[in-house]
Amino acid sequence: MHDSIESSTPLTPGHSHRACRLAGAGLAACLLLFSTTTAAWDGRAEKQVFEMEEYTTVGGETIAPVRIGWEAYGELNEAKDIAILITHFFSGTSHAAGRYAEDDAAPGYWDAIIGPGKPLDTDEYYVIASDTLVNLNAHDPNVATTGPATTNPETGAPWGTDFPLVTIRDFVEVQKALLESQGIERLHAVMGASMGALQAYEWASAYPDQVERLIPVIGGGETDPWLLATLSAWGAPIRLDPNWNEGDYYAGEPPLDGLRESLKLVTLDANHWQWANATFDRSWADEDADPTRELEARYAIEQTLDDIAASRAELADANHLLYLVKANQAFITGHGESLAEGLARIEAPTLILYSEDDLVFAPPGIRRTAELIEADGTEVELVALEGNRGHLDGVVAIDQAGDRIRAFLAE
């Protein structure tokens, strides 16, 4: 749930690995197909692709094949016990650190804390991040994902809304298969922001023996009613766009008007009024067009949000956004009916980073999540991030917690 714009360097076709046939609960049976070691990381990001012949969702439906992109920073040791998994936010990708090319406008979103000598020290840890299923940025050449926009081999056409609904748990299961394909059976830590925090909680609940440390950032243990409604609002403009056509638009014009409005809402909600008021005044977008006198005239903040949304819509897919909305709405740690039960399964020491000004995940819900994890004696620490970006402080201000993260990983 973030307003980043990714780089556009294409995937390298030569970096594809095919996994054994996997289905649902059979993930643990996957045999090691290759051993991954990388050179000491120099800040150059390289997107690779992991493939599965098929995957059976939590709901019992089969997706075949599955492809997800991934990046790694640092070198995996022989014991394969130094891996830190980074799970990404709603509008994010696996590009967590580094640059694809020297002239990239910006590095990966958490570059401030990932790299040699940084809190997630790539001289000490192997940091790996993956694109999720139904990744929002389905048309970004640096993203590999499987979802409604990808080809259904049975029809030769895009899946559209025939694609099965997927959950946060499904994201975790595919990540688990990726890690197992590299011989990684235990994580030194799992860390993610927003939707990435949901994946982190689910990892620690579903596989408590495989997660040594948990670092959820700007995210709670379940999707509360406020967030259910917020997510619904994010998807509504797409459904109202006549080009959406119930999700069947791949042979015609995509619902870009609706997608742009959806992305504008995502960007606005992920920020905070403090940021808006500090960054903008009541200036007009066009000094010759007075919004108080002309119906079509805009204020500068309106135009800025429109421009951000238009740029992001070029790489995004409308159906993928709707599928992400559903996956996030369905979330409750443990994928059951009881939040307390799901969080009680977490045994890993937990460091929760959050913002008191978060307009997406309400701080009381995050504090309740901490209390439920801690209820049976599991170690939990809450650290508040400061800033004027609200929810987004978990991305843009993450370096504030750098020293605490570094110490936590070493404990």
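Residues numbered from 1 in each chain as written. Predicted model: local features only at pLDDT ≥ 70, side-chain atom pairs only at ≥ 80, totals over all residues. Heavy atoms only, no water.

1. Comments concerning helix H1 (residues 168–181)
Taking 1.5 Å of rise per residue, the 14 residues of H1 would be expected to cover 20 Å, and the 20 Å separating its terminal C-alpha atoms lies within 8% of that figure. Burial of H1 is extensive: 14 of the 14 residues sit out of reach of the surface. A positive backbone phi angle near 80° is found at Gly183, which sits one or two residues after H1. (Helix = DSSP H or I, 4+ residues; strand = E, 2+ residues; numbered from the N terminus. Expected span 1.5 Å × (residues − 1). Buried < 20%, exposed > 50% of the residue type's maximum accessible area, 1.4 Å probe, protein only.)

2. Some thoughts on the nonpolar core
In terms of nonpolar packing, the biggest core is built from 74 residues, with Tyr126, Phe171, Tyr201 and Trp203 touching the most fellow members. Apart from the residues lying within four places of it in its own chain, the contact partners of Tyr201 are Leu214, Pro216, Gly219, Gly220, Gly221, Phe331, Thr333, Leu343, Ile346, Ile352, Thr369 and Ile373. Membership of the second largest hydrophobic core comes to 35 residues, among which are Ile215, Ala270, Leu353 and Val383. (Core = buried A, V, L, I, M, F, W, Y, C linked by side-chain atoms within 4.5 Å. Contact = heavy atoms within 4.5 Å.)

3. Considerations on the pairing of strand S13 (residues 214–217)
Both faces of S13 are covered, namely the face carrying Leu214 and Pro216 and the face carrying Ile215 and Val217. Alignment of strand S12 (residues 189–193) against S13, held across 4 bridges, turns out to be parallel. Bridged to Met191 within S13 is Ile215. As a crossover connection, the stretch from S12 through helix H2 (residues 195–206) into S13 is right-handed. (Pairing = 2+ DSSP bridges. Right-handed = clockwise from strand over helix to strand, strands pointing away.)

4. Re the UniProt feature "domain: AB hydrolase-1" (unreviewed entry) in the protein
As annotated in UniProt, the feature "domain: AB hydrolase-1" (unreviewed entry) corresponds to residues 155–375 in the numbering used here. As annotated, residues 155–375 has a helix share of 49% and a strand share of 8%, and its two end C-alpha atoms lie 50 Å apart. (UniProt positions renumbered as here; feature names shortened; annotations may be inferred.)

5. Some words on the packing of helix H3 (residues 225–240) against helix H7 (residues 318–329)
Where H3 contacts H7, the two axes come as close as 10 Å, and the packing angle between them is 160°. Put simply, H3 runs roughly antiparallel to H7. At the point where H3 passes H7, the crossing takes the left-handed sense. Contacts from Leu228, Leu231, Ser232, Trp234, Gly235, Ile238 and Arg239 of H3 reach H7 at Ala318, Leu321, Leu322, Val325, Asn328 and Gln329. (Axes fitted to C-alpha atoms, helices over the stretch in contact; angles between N-to-C directions. Parallel < 35°, antiparallel > 145°, perpendicular 65-115°, else oblique. Left-handed = near helix turned anticlockwise from the far one by under 90°.)

6. Points about the packing of H3 against helix H4 (residues 256–270)
Two elements in contact, H3 and H4, have axes whose closest approach is 6 Å; the angle formed by their N-to-C orientations is 155°. In terms of their interaxial angle, H3 and H4 are classed as roughly antiparallel. When H3 is examined against H4, the residues Thr230, Ala233, Trp234, Gly235, Pro237 and Ile238 are found in contact with a partner set consisting of Gly258, Leu259, Glu261, Ser262, Leu265, Val266 and Asp269. Of the residues in the contact of H3 with H4, the class split is 7 nonpolar, 4 polar and 2 charged. (Nonpolar A, V, L, I, M, F, W, Y, C, P; charged D, E, K, R; others polar.)

7. Regarding the packing of aromatic side chains
The geometry of an aromatic ring pair is captured by two quantities: the separation of the ring centres and the angle between the planes. Enumeration over the complete set of coordinates arrives at 8 aromatic pairs. Ring centres of Phe89 and Tyr109 lie 4.7 Å apart, and the angle between their planes is 75°; on these two criteria the pair is classed as edge-to-face. Residue Phe89 is located in the loop between strand S6 (83–87) and strand S7 (114–115), and its partner Tyr109 is located in the loop between S6 and S7; the two are separated by 20 residues in the primary sequence. Assigned by exposure class, Phe89 and Tyr109 land together as buried. Judged by centre distance (4.4 Å) and plane angle (35°), the ring pair of Tyr249 and Tyr250 falls under tilted. For Tyr250, a relative accessible area of 25% puts it in the partly exposed group. One Lys or Arg, Lys176, reaches over the ring of Tyr207 and ends 4.8 Å from the middle of that ring. (Phe/Tyr/Trp six-rings, centres within 6.5 Å; stacked < 30°, edge-to-face > 60°. Lys NZ or Arg CZ within 6 Å of the ring centre and 35° of its normal.)

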